[in-house]
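Fold and contact review
Listed below are the residues making up each chain.
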Number of protein chains: 4
Amino acid sequence: MYIIVKNNFQIRTTCFEGFKSMKAALVSTKLHHLYRNLIWRSFSTKFAMANSKFEYVRNFETDDRCLPNTWIVVRVDGRGFHKFSEKHEFAKPNDKRSLDLMGKAAGRVMTEFKEICLAYGQSDEFSFVFKRDMDLHKRRASKLMTSVASIFTSAFVFHWPQFFDIPLKYPPSFDGRVVLYPSTQNLRDYLSWRQADCHINNLYNTAFWTLVLKGNLTNAEVISLKVL
Amino acid sequence: MYIIVKNNFQIRTTCFEGFKSMKAALVSTKLHHLYRNLIWRSFSTKFAMANSKFEYVRNFETDDRCLPNTWIVVRVDGRGFHKFSEKHEFAKPNDKRSLDLMGKAAGRVMTEFKEICLAYGQSDEFSFVFKRDMDLHKRRASKLMTSVASIFTSAFVFHWPQFFDIPLKYPPSFDGRVVLYPSTQNLRDYLSWRQADCHINNLYNTAFWTLVLKGNLTNAEVISLKVL
Amino acid sequence: MYIIVKNNFQIRTTCFEGFKSMKAALVSTKLHHLYRNLIWRSFSTKFAMANSKFEYVRNFETDDRCLPNTWIVVRVDGRGFHKFSEKHEFAKPNDKRSLDLMGKAAGRVMTEFKEICLAYGQSDEFSFVFKRDMDLHKRRASKLMTSVASIFTSAFVFHWPQFFDIPLKYPPSFDGRVVLYPSTQNLRDYLSWRQADCHINNLYNTAFWTLVLKGNLTNAEVISLKVL
Amino acid sequence: MYIIVKNNFQIRTTCFEGFKSMKAALVSTKLHHLYRNLIWRSFSTKFAMANSKFEYVRNFETDDRCLPNTWIVVRVDGRGFHKFSEKHEFAKPNDKRSLDLMGKAAGRVMTEFKEICLAYGQSDEFSFVFKRDMDLHKRRASKLMTSVASIFTSAFVFHWPQFFDIPLKYPPSFDGRVVLYPSTQNLRDYLSWRQADCHINNLYNTAFWTLVLKGNLTNAEVISLKVL
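Residues numbered from 1 in each chain as written. Chains lettered and ligands numbered in written order. Predicted model: local features only at pLDDT ≥ 70, side-chain atom pairs only at ≥ 80, totals over all residues. Heavy atoms only, no water.

For clarity, the cut-off: UniProt positions are given in the numbering used here, feature names are shortened, and annotations may be inferred rather than shown by experiment.
Chain A has the name Probable tRNA(His) guanylyltransferase in an unreviewed UniProt entry, where Cloeon dipterum is given as its organism. Its UniProt record gives chain A the following Sequence similarities (unreviewed entry) comment, quoted word for word: "Belongs to the tRNA(His) guanylyltransferase family."

Spelled out as structure tokens, the structure:
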């Protein structure tokens, strides 16, 4: 069968010719029984064989299932958000539009994953807590963290115009990680840790930018105060 | 110090009052020396202590560095793209706009990560090959796969209007995974495996949709042919 | 410096010649100051350099620390103990000497690791439970399981003559594994699982060997009964 | 069925009573058909159910298969061998008996695992290299390292009397670890690293003990020389 399909992206347009005649053969009921085996054989011998020959590479994938009966936390973090917030002229110390957009994106993640019972966000990060006994994606760490990071990012870009008047200058991104917490106390302490971090940073930023914006000091002058 | 900062997203507007007077104190140079230690102490005793108390939870993070001297492949895969392609009325069997957008998104990923030497895509998936000796993000698997998945997704949504006339109906997402290949032959076989998969699927889809679109068969009729 | 040290096992006897004269030089106080730097330099340039050149291979070792705040169970299992028990003519269904020796070996493990709070054994296996909050060997899984397996094995061979009249015919061995249990209920269920397994096997073996030893049936006849 | 089997180690002697009557029932062919189902049911309902209820704990075991197509190195290391060599009055700097025994133990490991192609030892450590393409125990790291450590230890204790006149004072032990090397060059560098380490240590020890044994210096005096 003169079927030539170059199916990587570069070559596409010329590849369907062969199928026109194949189709002609197939739909002409009279010859149908003749082509059936022929075509099938050409498929299976050539491609299935090729496939099985290379398929061993699947064994290089590792099983990264999270330990059962632990709280799975996925935390996403803005990549290069210092620069991103400058380029998009975020208000200081906190940009309400940005925080609301973060909340919106987190909502999307929670809508998609019913298994998430709690989310906590601050600054350019968001933590998602999966129910302890959930079995989504067999608890595979890579699947969970990449899905959460991707949905969060997607929603952030998708909903941007609802919160910002200016258009996005370039696509932002978030990395992610998975952390397991065996006990509920550990999980609470994790959340307390993020909240303490939030508190400290917010306090610092609020004081810093108040001195700059209302105290008429320069950034450098504030830093030189060494109070903060 | 009467500083109340509720820094999670719900409470923000009332929290800066305290800082106004703090600022007043700070910028009035005469009282400056008095407030300095006081404020610092309130910061450090309350928050730093709180922080160190909870910070132990960081030890629950695992070190997932990829084995050195191996090819690191990150593959991203569309999540629920069967539905997504239907909702956005992708042309069958291949939608040129979609493929071009995928290529665009992959280009973004490669621009951001100079350490990627090769990318191969088909359908709703894309594989990225990192140079064997690269040390980006200490080769941490979670950092690499989530960053790639996030950038890819972000670019996909960001550049959508350049390729599609209709707007995105909802934010799409991609999961990701990391696979290591010790030898160059293994890497070649991985790429051959993806290409064989591409070939088989494209052949099937092309034949299937040709029978439907040009042969005037229904989906069910094609399936009942059992030729494919 | 004419120092030739072949330090792998094959070549040892001829290698100390050089040191006699080096020693002479070193202990003769008058030349002491002359040789000091000379020797040191020859050491450091030649060997330290060689060492640093290869030391990168250490980076291939992975960090396999067990998740904090989980119960660490190390279970050792006899390798090929069916054959071992036959060769050493263990009494059926249970050999008291063997069970007592197992208990003795387990005691040794517990003496060496104060961090183990519980051990449970049956047949040719033994489970050791480490305290939840212990930090021995930084909780590195490989260190813990290999140490336990090695001490257990060592004690088993070492104490053999105290329990058996016949000598060991060949060195027995035990493999090991680490399993983590996040909650105390999980740990209890683990122990219940081992005990249920013990119960079932013992019941089967006791019935089986009673039919053989006291019922005068052959092994094959018992199996053909299909009652068990 | 009045079968009471306490099969953990504490209670054993009294537990076979029940089976005598069961046996009587079983071997008396006339009642055979009556007891068959009865017994089986008591087994299956009580114990199999109990077993399945707890068996979920198996899911907490992790899959730790080594990446395919890499050299697997298992290195065992003496635990507390400084003290061990003192207690057993090893000759300094090298004890031929000990080195020969180490070699013997390593030979045992290689005999048991045909998949090991190379072993290299020095001092109280030994490295074993598994063939790159081997699939023993599904390449599970824990199985490989514990088995090697256990066999090595077992043989070390078992063969001790062949090499030493004095008896073992207490059971020695060895920990183990697994390291993967993707390329043959990496493996060579690993072995070079161990040999360089061997060289440096042996040089140091040889010089140190020559100064002590033939130079009539005390240990402290040699250390104070600061030449080594």
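Details of the packing of aromatic side chains
The geometry of an aromatic ring pair is captured by the separation of the ring centres together with the interplanar angle, meaning the angle of the planes. Going by this rule: For this analysis, a ring pair means two rings from Phe, Tyr or Trp (six-membered ring only for Trp) whose centres lie within 6.5 Å, classed as stacked if their planes differ by under 30 degrees, edge-to-face if by over 60, and tilted for the remaining angles. In this text, helices come from DSSP runs of H or I with a minimum length of four residues, and strands from runs of E with a minimum of two, each type numbered from the N-terminal end. In this scheme, a residue with accessible area under 20% of its type's maximum is buried, one over 50% is exposed, and one in between is partly exposed, where area comes from a 1.4 Å probe on protein chains only. Placement of a charge over a ring requires the Lys NZ or Arg CZ to be within 6 Å of the ring centre, with the centre-to-atom vector within 35 degrees of the ring normal.
The full count for this structure, using the stated rule, is 88 aromatic pairs over all chains. Here the aromatic rings of Y181(C) and F60(D) are separated by 5.0 Å at their centres, their planes lie at 45°, and the arrangement is tilted. Of the two residues, Y181(C) sits in strand 4 (residues 174-181) while F60(D) sits in the loop between helix 2 (32-54) and strand 1 (71-78), which places them in two different chains. An identical accessibility class is assigned to Y181(C) and F60(D); each is buried. Connected via pairs of aromatic rings, a cluster forms that spans F81(A), F84(A), F90(A), F126(A), F128(A), F152(A), F156(A), W160(A), F164(A), Y170(A) and F174(A). Positioned above the aromatic ring of W193(B), the side-chain terminus of R194(B) is 4.3 Å from the ring centre.

Structural notes on the sheet that holds strand 2 (residues 116-122) of chain A
All names here are of chain A. Here is the rule: Pairing between strands requires that DSSP locate at least two bridges from one strand to the other. Only the stretch in contact is used when a helix axis is fitted, and all axes are lines through C-alpha atoms; the angle between N-to-C directions ranges over 0 to 180 degrees. Contacts are assigned to residue pairs that have any heavy atoms within 4.5 Å of one another.
Spatially, 4 strands are ordered 2-3-1-4 in an open sheet, and the strand pairing comes out antiparallel. Each edge of the sheet is formed by a strand with only one pairing partner; in this case those strands are strand 2 and strand 4 (174-181). Strand-to-strand twist across the sheet, computed as the mean angle between neighbouring axes with direction ignored, equals 20°. The pairing of strand 1 (residues 71-78) with strand 4 spans 8 bridges and is antiparallel. If you follow W71 over to strand 4, its bridge partner there is Y181. Against the sheet, helix 4 (residues 96-112) contacts strand 2, strand 3 (125-130) and strand 4, and its axis sits at roughly 20° relative to strand 3.

With respect to the pattern of salt bridges
The condition is simple: The rule for a salt bridge is simple: a side-chain nitrogen of Lys or Arg has to be within 4 Å of a carboxyl oxygen of Asp or Glu.
Summed over the entire model, instances satisfying the criterion amount to 44 salt bridges over all chains. Residues R177(B) and E61(A) are paired through a salt bridge, measuring 3.1 Å at the closest nitrogen-oxygen approach. With one member in each of two chains, R177(B) in strand 4 (residues 174-181) and E61(A) in the loop between helix 2 (32-54) and strand 1 form a pair that bridges those chains. When its relative accessible area of 25% is taken as the criterion, E61(A) is described as partly exposed.

A look at the sheet that holds strand 2 (residues 116-122) of chain C
All names here are of chain C. Here 4 strands make up an open sheet; going across it, the order is 2-3-1-4 and the pairing antiparallel. Two strands lie at the open edges of the sheet, namely strand 2 and strand 4, each paired on one side alone. Along the sheet, successive strands turn relative to each other by an average axial angle of 20°, direction set aside. In this structure, strand 2 lies alongside strand 3 (residues 125-130), joined through 6 bridges in antiparallel fashion.

Remarks on the pairing of strand 1 of chain D
Residues and elements named next belong to chain D. Within strand 1, 8 of the 8 residues are buried, which leaves it mostly tucked inside the rest of the structure. Across the two faces of strand 1 the burial is the same, with W71, V73, R75 and D77 and I72, V74, V76 and G78 all buried. By the bridge criterion, 6 bridges tie strand 1 to strand 3 (residues 125-130) in an arrangement that is antiparallel. The residue of strand 3 that forms the bridge with V74 is F128.

Some thoughts on unusual backbone geometry
Here the bond from K92(B) into P93(B) is cis, since omega is 0°, no more than 30 degrees from zero. Here P93(B) lies in the loop between helix 3 (81-87) and helix 4 (96-112). Here R139(A), not a glycine, exhibits a phi torsion of approximately 60°, which is positive. Here R139(A) shows up in the loop between strand 3 and helix 5 (141-163). Judged by relative accessible area, which is 4%, R139(A) ranks as buried. Positive phi is not limited to glycine here, since N216(C) has a value of about 60°. Along the chain, N216(C) turns up in the loop between helix 6 (184-213) and helix 7 (219-225).

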